[in-house]
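Chain and residue survey
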Amino acid sequence: MGVEVVIEGLTKSFGKQTIWRDVTLTLPPGEVSVMLGPSGTGKSVFLKSMIGLLKPDRGKCVINGVDVVTCSERKLYDVRKLFGVLFQDGALFGSMNLYDNVAFPLREHTKKSETEIRRIVLEKLEMTGLSGAEKKLPGEISGGMRKRAGLSRALVLDPKIILVDEPDSGLDPVRTTYISQLFLDVNAQIDATFLIVTHNINLARTVPDNLGMLFRKELVMFGPREVLLTSDEPVVKQFLNGRMDGPIGMSEEKDSATMAAEKAMFEAGHHAGGVEDVTGIPEQMQPTPGVPERGGARRRKDRVMRILHTLPPAAQEGIIESLSPEERRHYGVQTHHGLTSQRGQLPTEDVAALPGSGWREPRQATDTDRLPPPYPQQGRS
Ligand SMILES: Nc1ncnc2c1ncn2[C@@H]1O[C@H](COP(=O)(O)OP(=O)(O)OP(=O)(O)O)[C@@H](O)[C@H]1O
């Protein structure tokens, strides 16, 4: 199973420039989380801080009992082995073919034989739909294939936490959905904790279990996806809808005078961008049929039902509506139409009375589990 990441009061500046302050959140083990935020709000800095490539000024980032902010270099080296990182362009070595690129961490960090390395590399290339492309150079393949090769490489050391920086950069919307599907399939197979940083609203709305947003040097919110997707925060609504109308400006947040001037302009009829009102909670993407059930999604359901009464009413309603009739019986809740108009939490009788157990553990992935390749094996994407 993936590991939990507990972040408390994390603060990072470069000289006098504060990037973000007092960021507190927990990435639950094996769940998929997405961090949104306008450009320049420090999402990449956040990822780099988690793996100790950048040193936060204060706060904690605790992984398996080790605080990466204050631990020794030796401990940091050990903790880093838990991570697989997928950078924007795959960060492949241009002069090495895909096979050698993917084999690289195994040759650098393990004493495995070339036979064993071959088995692992071919397995990871197959997982990401790249079987047959071993001899290609990064310059000979498309951006989508490079990302998948980067993901193969991130997987070879059996990571427990996978960090992904803007997986959609340079990809068309369809290929972005394919790579999103791949993340969910990989998550189902290895149960690693995922944190994906992106601007892509489709991905943010349909892929993760948890959603967060950085803005104004702070974490605006982080929690079950239903909370952000039903939020009335102006910055969240503006971001989800991709409009000019709101607190996010051209290169930074707007001051109140600019806000007022622009508001008047939009009220006078100027198009604020965006073609439709993006609202509500779309259904979450699932692993490809034939891929094991996601352990993280099942645990998340139990976890969210435990904290249901602490969530805003619209999020509670969305969560309950997403449950199957069997799950509603299991958690002892009923649909409760009209909840959005209520203030405060659900009536206590509607909140889960959680039985201690009863859910079957999802089957663990085995060597015999084979992903139906979501990609043409050698096609360009
Ligand atoms: N090593 C560094 N030294 C000084 N400033 C830095 C450094 N790395 C990042 N920054 C600054 O930190 C801020 C946040 O950068 P970051 O790349 O994390 O933003 P981001 O949210 O990932 O943006 P984008 O969505 O455009 O990729 C920027 O102002 C950037 O210039």
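None of the values given here were measured: they were computed from a predicted structure.

The subject of this paragraph is the site of the ligand. Around the ligand, the surrounding shell consists of Phe14, Ile19, Gly37, Ser39, Gly40, Thr41, Gly42, Lys43, Ser44 and Val45. Take the shell around the ligand: its biggest share by element is three residues, from helix H1 (residues 43–50). Of the residues in the shell around the ligand, the class split is three nonpolar, six polar and one charged.

With that settled, the discussion passes to helix H10 (residues 256–267). Its twelve residues give H10 an end-to-end C-alpha distance of 16 Å, which sits within 8% of 16 Å, the value for a rise of 1.5 Å per residue. Little of H10 is tucked away: zero of the twelve residues are buried.

As a further point, take the pairing of strand S3 (residues 32–36). Across the five residues of S3, five count as buried, placing the element largely inside the fold. The alternating pattern of S3 places Val32, Val34 and Leu36 and Ser33 and Met35 on opposite faces, both of which are buried. As paired strands, S3 and strand S8 (residues 193–197) are joined by four bridges and run parallel to one another. Bridged to Met35 within S8 is Val197. Alignment of S3 against strand S9 (residues 210–215), held across four bridges, turns out to be parallel. Among the inter-strand pairings, Val34 is bridged to a residue of S9, identified as Leu211.

Let us look at the sheet that holds strand S5 (residues 66–67). As summarised here, the arrangement of the four strands in space is S2-S1-S4-S5, forming an open sheet in which the pairing is antiparallel. Bordering the open sheet on either side are strand S2 (17–27) and S5, each of which pairs with just one other strand. Pairing geometry for strand S4 (residues 58–63) and S5, over two bridges, is antiparallel. Of the residues in S5, the one forming a bridge with Ile63 is Val66. Its contacts with the sheet put H1 on strand S1 (5–14), S2 and S4, and the angle it makes with S1 is roughly 120°.

Bringing the pairing of S2 into the picture now. One ladder, built from seven bridges, connects S1 with S2; its direction is antiparallel. Its bridge partner being in S2, Ile7 is matched across the sheet by Leu25. Here S1 folds back onto S2 in antiparallel fashion, the turn holding two residues, of which Gly15 has a positive phi close to 60°.

Read from one edge of the open sheet, six strands run S6-S7-S8-S3-S9-S10, paired in mixed fashion. Every other strand in the sheet has two partners, leaving strand S6 (83–86) and strand S10 (218–224) as the edge strands with one partner each. On average, each strand axis in the sheet is inclined to that of its neighbour by 15°, with strand direction left out of account. Strand contacts of helix H5 (residues 143–155): S6 and strand S7 (161–165), with the helix running at about 170° to S6, the strand carrying the most contacts. Lying over the sheet, helix H9 (residues 234–241) contacts S3, S9 and S10, oriented at roughly 105° with respect to S9.

Before going further, it helps to spend a moment on the domain arrangement of the protein chain. Under the domain assignment, the protein chain is made up of domain 1 (5–226) and domain 2 (295–350). Look at where the C-alpha atoms of domain 1 and domain 2 centre, and you get two points 30 Å apart. Contacts between domain 1 and domain 2 engage nine residues on the former and eleven residues on the latter. Looking at the side of domain 1 that touches domain 2 residue by residue, the class counts come to three nonpolar, two polar and four charged.

By size, the foremost hydrophobic cluster in this structure holds 87 residues, and its most contacted members are Val34, Cys61, Val102, Ile162, Leu163, Phe183 and Phe194. Considering every element that reaches this core, the biggest residue donor is helix H6 (residues 173–190), with seven residues. Taken together, domain 1 (5–226) and domain 2 (295–350) each give at least three residues to this core, which thus spans both.

Moving on: the environment of Glu253. Turning to its location among the elements, Glu253 is positioned in the loop between H9 and H10. The spacing of Glu253 and Phe215 is 38 residues in sequence and 8.4 Å in space, taken between C-alpha atoms. Other than its neighbours up to four places away in sequence, Glu253 contacts Arg216, Pro247 and Ile248.

Attention now moves to the environment of Ala315. Looking at the secondary structure, you find Ala315 in helix H12 (residues 313–322). Considered as a pair, Ala315 and Met1 are 314 residues apart in the sequence and their alpha carbons are 27 Å apart. Filtering out sequence-adjacent residues up to four positions away, Ala315 remains in contact with Pro224, Glu226, Val227 and Thr230.

Calculation rules
- One numbering rule holds for all chains: residues counted from 1, following each sequence as written.
- Given that this is a predicted model, residues contribute local features only at a pLDDT of at least 70 and side-chain atom pairs are listed and counted only at 80 or more, while totals for whole chains, interfaces and linings are drawn from all residues.
- To decide whether a residue is near a molecule or strand, its C-beta atom is placed from the backbone and checked for lying within 6 Å of it.
- Counting from the N terminus, the helices are DSSP H or I runs at least four residues long and the strands are E runs at least two residues long.
- Ten residue types, Ala, Val, Leu, Ile, Met, Phe, Trp, Tyr, Cys and Pro, are classed as nonpolar, four, Asp, Glu, Lys and Arg, as charged, and the remainder, Gly among them, as polar.
- Helix span, expected: 1.5 Å multiplied by one less than the number of residues in the helix.
- The burial label depends on the number of other C-beta atoms within 10 Å of a residue's C-beta. Counts of 20 or more mean buried, 12 or fewer mean exposed, and intermediate counts mean partly exposed, with C-beta atoms placed from the backbone.
- We call two strands paired when DSSP finds no fewer than two bridges between them.
- C-beta atoms are first placed from the backbone for all residues, and any pair lying within 7 Å is then listed as a contact.
- Under this scheme, a helix contributes an axis fitted over its contacting stretch, all axes are lines through C-alpha atoms, and angles between N-to-C directions fall in the 0 to 180 degree range.
- Here the limits of each domain have been adopted from an automatic or database domain assignment.
- Only buried residues count toward a nonpolar core: Ala, Val, Leu, Ile, Met, Phe, Trp, Tyr and Cys, linked into one set through C-beta atoms within 7 Å.

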